[in-house]
Amino acid sequence: MAGPELIRDTRAWQAYCREARRRGGRVALVPTMGFLHQGHLSLMREARRLADAAPPAAGPRLALASIFVNPAQFGPREDLARYPRDLDGDLAKCASAGIDAVLAPEPADVYRPDHQSWVEVGSVAEGLCGASRPGHFRGVATVVLKLLHLSLPDVALFGEKDWQQLQVVRTMVRDLDLDVEIRGMPIVREPDGLALSSRNAYLSPEERSRALALSRALFGARDRAARGERDAGALRAEARRVLDAAGLRVDYVEIVHPETLRPVERAEPGSRMLVAAFAGATRLIDNLALP
Ligand code: AMP
């Protein structure tokens, strides 16, 4: 199988994408931090499908991915230096998902020494992970805006695994009039319920089994809500008990409006429950829609 074209230079990438756009092509982009798993690959296969859905007469149909561990979204005490990386393995996986080209730039190319422009998204970025990780969404919004400008995609795909990130990106795209469709994709899980994450590689076998409490807490709340429990406080308290009992250190357990991310007191259909907790030193997140 021919691998995807690897482009390291952002200017070369911009020229490549601009040419596709000029020729009337359809471009789908999947931004990632690499160390790819089946969650990423589900986005990439959908990108392939969306690009190929363009009318036959149109220009090139490109399914593109970026692999960039974005320093701007890591706090000073976070795992930037040890974040797992495997470019060769990732390129093979991109090939298997039908990706045409991959941008894998150096940090110094993305953030030149005098970089001084940042994207701040408001209230949707302030609670939840935004509260525990100051500056995180500023880094995310900035790099996503840069990737969208460099790639000029018709559609960009993001996982619901990072629900708040998806809403931050949607809000930025709306507020700044970006001409791109943002497509959210369902969370891919292990058979036992654990949401796939590159950070799962950090977990010892014992931590991994304790980490199952995140999805267990969410599924439990979903079942209770399906049986008629509407009180967000009661649903959150029970989820917290599940996380505590597994020996996880809870960062937050919240039930929010799915788009504004404002906390709700009564869980309505579509309300989103989000959890973040530490298994050892590893911070994990998960979420689902309540029935
Ligand atoms: P990351 O490499 O962690 O920045 O993730 C890149 C993209 O893949 C983001 O849009 C994530 O939300 C998405 N993603 C990560 N894990 C999963 C998963 N388990 N299921 C679906 N999408 C995911």
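Preceding block: the structure.
Residues numbered from 1 in each chain as written. Predicted model: local features only at pLDDT ≥ 70, side-chain atom pairs only at ≥ 80, totals over all residues. Heavy atoms only, no water.

Engineer: What is the right way to read the site of the ligand from this model?
Structural biologist: Near the ligand lie 17 residues; those nearest to it are His40, Gly159, Asp162, Val188 and Leu196. In the model, an oxygen atom of the ligand is placed 2.8 Å from a nitrogen or oxygen of the Gly159 main chain. For the ligand, a nitrogen atom lies 2.8 Å from a polar atom in the backbone of Val188. Burial of the ligand by the protein amounts to 93% of the accessible area it has alone, namely 480 Å². In terms of residues, the shell around the ligand owes the most to one element, helix α2 (residues 38-52), which gives three residues. Residues that form the shell around the ligand fall into these classes: nine nonpolar, six polar and two charged. (Near = heavy atom within 4 Å. Polar contact = N/O pair within 3.5 Å; in protein donor to acceptor, adjacent residues only side chain to side chain. Areas by Shrake-Rupley, 256 points an atom, 1.4 Å probe, with all protein chains shown as cover. Helix = DSSP H or I, 4+ residues; strand = E, 2+ residues; numbered from the N terminus. Nonpolar A, V, L, I, M, F, W, Y, C, P; charged D, E, K, R; others polar.)

Engineer: Help me out: how do you make sense of the side chain of Ser42 in this one?
Structural biologist: With respect to the helices, strands and loops of the structure, Ser42 is situated in helix α2. Looking at Ser42, its side chain comes within polar contact range of the main-chain oxygen of Gly39, at 2.8 Å. What Ser42 contacts, discounting residues up to four positions off in sequence, is Met185 and Val188. (Contact = heavy atoms within 4.5 Å.)

Engineer: What am I meant to see in the sheet that holds strand β9 (residues 282-289) here?
Structural biologist: Backbone-to-backbone hydrogen bonds join strands into a sheet, with any given pair of strands oriented parallel or antiparallel. Pairing is antiparallel in the open sheet, where three strands are placed in the order β7-β8-β9. Every other strand in the sheet has two partners, leaving β7 (249-256) and β9 as the edge strands with one partner each. The mean inter-strand angle of the sheet, taken between neighbouring strand axes irrespective of direction, is 10 degrees. When β7 meets strand β8 (residues 272-279), the two strands line up antiparallel, connected through seven bridges. (Pairing = 2+ DSSP bridges. Axes fitted to C-alpha atoms, helices over the stretch in contact; angles between N-to-C directions.)

Engineer: For this particular structure, what's the right way to read the packing of aromatic side chains?
Structural biologist: Think of a pair of aromatic rings as described by two things: how far the centres are apart, and how the planes are tilted against each other in angle. Scanning the model with the defined rule gives four aromatic pairs in all. Ring geometry for Phe68 and Tyr111: centres 6.4 Å apart, planes at 35 degrees, overall tilted. In this pair, Phe68 sits in the loop between β3 (61-67) and α3 (87-96) while Tyr111 sits in the loop between α4 (107-110) and α5 (128-132), placing the two residues 43 residues apart along the sequence. Phe68 sits in the buried class, given a relative accessible area of 6%. Judged by its relative accessible area of 15%, Tyr111 is buried. Centre to centre, the rings of Phe74 and Tyr83 are 5.8 Å apart; their planes meet at 80 degrees, and the pair counts as edge-to-face. Each member of the pair, Phe74 as well as Tyr83, is classed as buried. Through successive ring pairs, a cluster of aromatic residues spans Phe68, Tyr111 and Trp118. (Phe/Tyr/Trp six-rings, centres within 6.5 Å; stacked < 30°, edge-to-face > 60°. Buried < 20%, exposed > 50% of the residue type's maximum accessible area, 1.4 Å probe, protein only.)

Everything listed here is a matter of geometry and, on its own, says nothing about what the molecule does.
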